[in-house]
Amino acid sequence: MISAVNIHDARVENLVIDGNLEKNGLMNGCRGAGFYAFRANRVAVRNVKVTNYNGEAFGFQTCDDMRMEYCVAEKCTGNGFHPGSGSNRFYLDNCIARNCGACGLFYCLRVRDSVLQNCIFENNESHGVSIGERDIRHINRNLTIRGNGGAGIYIRNCSHELAAHGNIIENCKLDCNCRKDGEAEIVLQGETDGIRVLGNRIRRRKGKPGILVKENMHYFEQRNNIISPAGNDAYIDLRKKK
């Protein structure tokens, strides 16, 4: 719908983009979105809403210093937000993804050094936030993540060379995710170093851990997290069972 390709120092603001879902075919999220940027640096997107799009609401590939504030992704069939391959230093603040057909936000390959804060990811069909291959040194803080089909925050299972090292998950509120098939509110896995899980408030569904640490997870820091209800399955570390 809006495409920003090979441009720099631009602004897009105060728009509602209706994708007319029923009348349009599916768009590949790596090649297009309701708002899509490619090799575009220092682009600011503010107060833009994408709804009813057959694909991803917001996507950008190989972009530096992308800034999105007060943007809304709603009722799109793909991810709400897709920071794409090779993008550096994005800043997302006060954005919302709700009722989308995949993740609220999906970190793609080799996204680095970014800030995701004060956002809401709710009632999406897959994970609230998914972090994976070479997605390193991101700050994820003050997020509200609730009612998603998968995990609230999902660290993907990667080898050490590809793992999501150095991510911070801080002061987030996770509330009754795993609505469909998620394993836990926060899933930590892969040969991943330097993860910090700090000061989060987690309300879990019955039978689902608040934090699940899988067998191949490396050392990480976790403190001051509050998980309710309490119980033996509130925090599960499978490394201890080897």
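Sequence order as written defines the numbering, with residues in each chain counted from 1. Residue-level local features of this predicted model are given only where pLDDT is at least 70; pairs of side-chain atoms are given and counted only at 80 or more, and the full residue set underlies all totals for whole chains, interfaces and linings. By convention in this description, side-chain values take in all heavy atoms of the structure and omit both hydrogens and water.

**Student:** Explain the overall build of the chain to me, please; I cannot follow it from the model alone.
**Tutor:** The helix and strand inventory of the chain stands at 0 helices and 26 strands. The atom set for the radius of gyration is the C-alpha atoms, and the globule formula is 2.2 Å times the number of residues raised to the power 0.38. A compact globule built from 242 residues should have a C-alpha radius of gyration of about 18 Å, and the chain, at 17 Å, falls within 12% of that. Along the longest, intermediate and shortest principal axes, the C-alpha atoms of the chain span 50 × 35 × 25 Å. Accessibility here uses a 1.4 Å probe with only protein chains present; expressed as a share of the type maximum, an area under 20% marks a residue as buried, one over 50% as exposed, and anything in between as partly exposed. For the chain, the proportion of its 242 residues judged to be buried stands at 55%. A fraction of 68% describes how many contacts in the chain between residues 6 or more apart in sequence connect residues 24 or more apart. Under the convention used here, a 1.4 Å probe and the Shrake-Rupley method define accessible areas, while residue burial counts only the protein chains that appear. Approximately 10,400 Å² of the chain is accessible, and the part contributed by carbon and sulfur atoms is 46%. We count Lys and Arg on the positive side and Asp and Glu on the negative side, and we leave His and both chain ends out. Where a charge lies is defined by one atom per residue type, namely NZ (Lys), CZ (Arg), CG (Asp) and CD (Glu). When the 34 basic and 27 acidic side-chain charges of the chain are each reduced to a single mean position, those positions are 2 Å apart. In this text, helices come from DSSP runs of H or I with a minimum length of four residues, and strands from runs of E with a minimum of two, each type numbered from the N-terminal end. Contact between two residues is taken to exist if any of their heavy atoms lie within 4.5 Å; hydrogens are not considered.

**Student:** What exactly am I supposed to notice about the pattern of salt bridges here?
**Tutor:** A side chain of one charge can pair with a side chain of the opposite charge if their charged atoms are brought near each other. A pair is scored as a salt bridge if a Lys or Arg side-chain nitrogen falls within 4 Å of a carboxyl oxygen belonging to Asp or Glu. Summed over all chains, the structure comprises 21 salt bridges. Across the pair Arg46 and Glu69 runs a salt bridge whose closest N-O atoms are separated by 3.5 Å. Taken together, the residues Arg46 in strand E4 (residues 41-51) and Glu69 in strand E6 (residues 67-69) connect sequence positions 23 residues apart. With a relative accessible area of 33%, Arg46 lands in the partly exposed category. Residues Arg196 and Glu221 are paired through a salt bridge, measuring 3.0 Å at the closest nitrogen-oxygen approach. Placement of the pair is Arg196 in strand E21 (residues 195-198) and Glu221 in strand E24 (residues 220-223), with a sequence separation of 25 residues. By relative accessible area, which is 30% here, Arg196 ends up partly exposed.

**Student:** Looking at this structure, I do not really get the nonpolar core. What am I missing?
**Tutor:** As a rule of thumb, soluble globular proteins bury nonpolar side chains together. Buried Ala, Val, Leu, Ile, Met, Phe, Trp, Tyr and Cys residues that are joined via side-chain atoms within 4.5 Å together make up what is termed a nonpolar core. Ranked by internal contacts, the top residues of the largest apolar core, which has 53 residues, are Phe58, Met68 and Phe81. A per-element tally of this core places E4 first, with 4 residues. Apart from residues lying up to four places away in sequence, Met68 is in contact with Phe35, Val45, Phe58, Phe60, Phe81, Tyr91, Leu92, Asp93 and Cys95. Core analysis: the second largest hydrophobic core is formed by 5 residues, Ala151, Tyr154, Val187 and Leu212 among them.

**Student:** Which parts of the structure should I look at to understand the environment of Cys108?
**Tutor:** The residue Cys108 is located in the loop between strand E11 (105-106) and strand E12 (115-117) in this model. With 26 residues separating them along the chain, Cys108 and His82 place their C-alpha atoms 6.8 Å apart. Other than its neighbours up to four places away in sequence, Cys108 contacts His82, Pro83, Gly84, Ser85, Glu133, Asp135 and Arg156.

**Student:** I'm lost on unusual backbone geometry in this one. Help?
**Tutor:** Glycine aside, residues mostly have negative phi angles, and peptide bonds mostly take the trans form. Following Ser228, the chain continues to Pro229 via a peptide bond in cis, the omega torsion being -10°. Here Pro229 lies in the loop between strand E25 (226-228) and strand E26 (235-237). Despite not being glycine, Asn52 has its phi angle at roughly 55°, a positive value. With respect to the helices and strands, Asn52 occurs in the loop between E4 and strand E5 (58-61).

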